[in-house]
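Overview (structure and organization)
Residue-level listing of the chains:
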Amino acid sequence: MIKVTFVCLGNICRSPMSELVFKDLIKKQGYSNQFEVTSCATSRYELGSPIYHKATETLKKHGITGSHIARQIDTHDLKSDFILVMDSSNYTDVLRINEIQKEKVHKLCDFTKNPRDVADPWYTRDFETAYNDILDGCKSFLQYLKTNKLI
């Protein structure tokens, strides 16, 4: 079982979108039983909040549904095989956790042909660009796992 945790600042936009996009990809490819997938926040800002409605609308537009309640990263998440953060700021925040194993932490879009931060729709209001970054990152990460014979 491969445990993957997606992380962003508040866990209401990018990381739950990533969680649901990745779950959709692995379901369609028949890998669901090989993964445990979740998402969480580096901050406490949005604890208990649902996915932001614009993120949900964007996912639905692409045929992806699901729900999530924002929560902060915890010790269970630190046991993940892969902790995939959305941007450089999240990367720095996660590495500040004493118990973290640095080799588990990656920026999601570092697996793509065009490494970058996932655009933050909270500030840009551009949920479609964030979705496209996330989809590219999730597909590339899945390909990485296949290429390296981890699945």
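About the criteria used
- Residues numbered from 1 in each chain as written.
- Predicted model: local features only at pLDDT ≥ 70, side-chain atom pairs only at ≥ 80, totals over all residues.
- Heavy atoms only, no water.
- Salt bridge = Lys/Arg side-chain N within 4 Å of Asp/Glu carboxyl O.
- Helix = DSSP H or I, 4+ residues; strand = E, 2+ residues; numbered from the N terminus.
- Buried < 20%, exposed > 50% of the residue type's maximum accessible area, 1.4 Å probe, protein only.
- 1 Å grid on protein atoms, 1.4 Å probe; cavity = no way out; pocket = protein on both sides within 12 Å on 5 of 7 lines; lining within 4 Å.
- Points joined across faces, edges and corners; volume = space filled by probe spheres on them.
- Nonpolar A, V, L, I, M, F, W, Y, C, P; charged D, E, K, R; others polar.
- Arc of directions from axis to C-beta.
- Contact = heavy atoms within 4.5 Å.

1. Considerations on the pattern of salt bridges
Counted under the stated rule, the structure contains 13 salt bridges. Here Asp120 makes a salt bridge to Arg14, at a shortest N to O gap of 3.4 Å. With Asp120 in the loop between strand E4 (105-107) and helix H4 (121-124) and Arg14 in helix H1 (residues 14-28), the pair connects residues that are 106 residues apart, well separated along the chain. Summarising the burial analysis for this pair, Asp120 and Arg14 share the class buried. Salt bridges sharing common partners tie together Lys3, Glu36, Arg71, Asp74 and Asp77.

2. Overview of the layout of surface pockets
Of the volumes computed, that of the largest pocket is approximately 180 Å³. Residue lining of the largest pocket: Cys8, Leu9, Gly10, Asn11, Ile12, Cys13, Arg14, Tyr45, Glu46, Asp120, Trp122 and Tyr123, and that is the complete set. Looking at side-chain class alone, the lining of the largest pocket contains 7 nonpolar, 2 polar and 3 charged residues.

3. With respect to helix H2 (residues 53-61)
Where H2 is concerned, the buried positions are Ala55, Thr58 and Leu59. Relative to the axis of H2, the buried residues are bounded by an arc of 100° and lie together on one face. Facing away from the buried surface of H2 by more than 90 degrees, the exposed residues are Lys60 and Lys61. The inward-facing, buried residues of H2 abut H1 and helix H5 (127-147). Looking one or two residues beyond H2, the residue adopting positive phi is Gly63, at roughly 80°.

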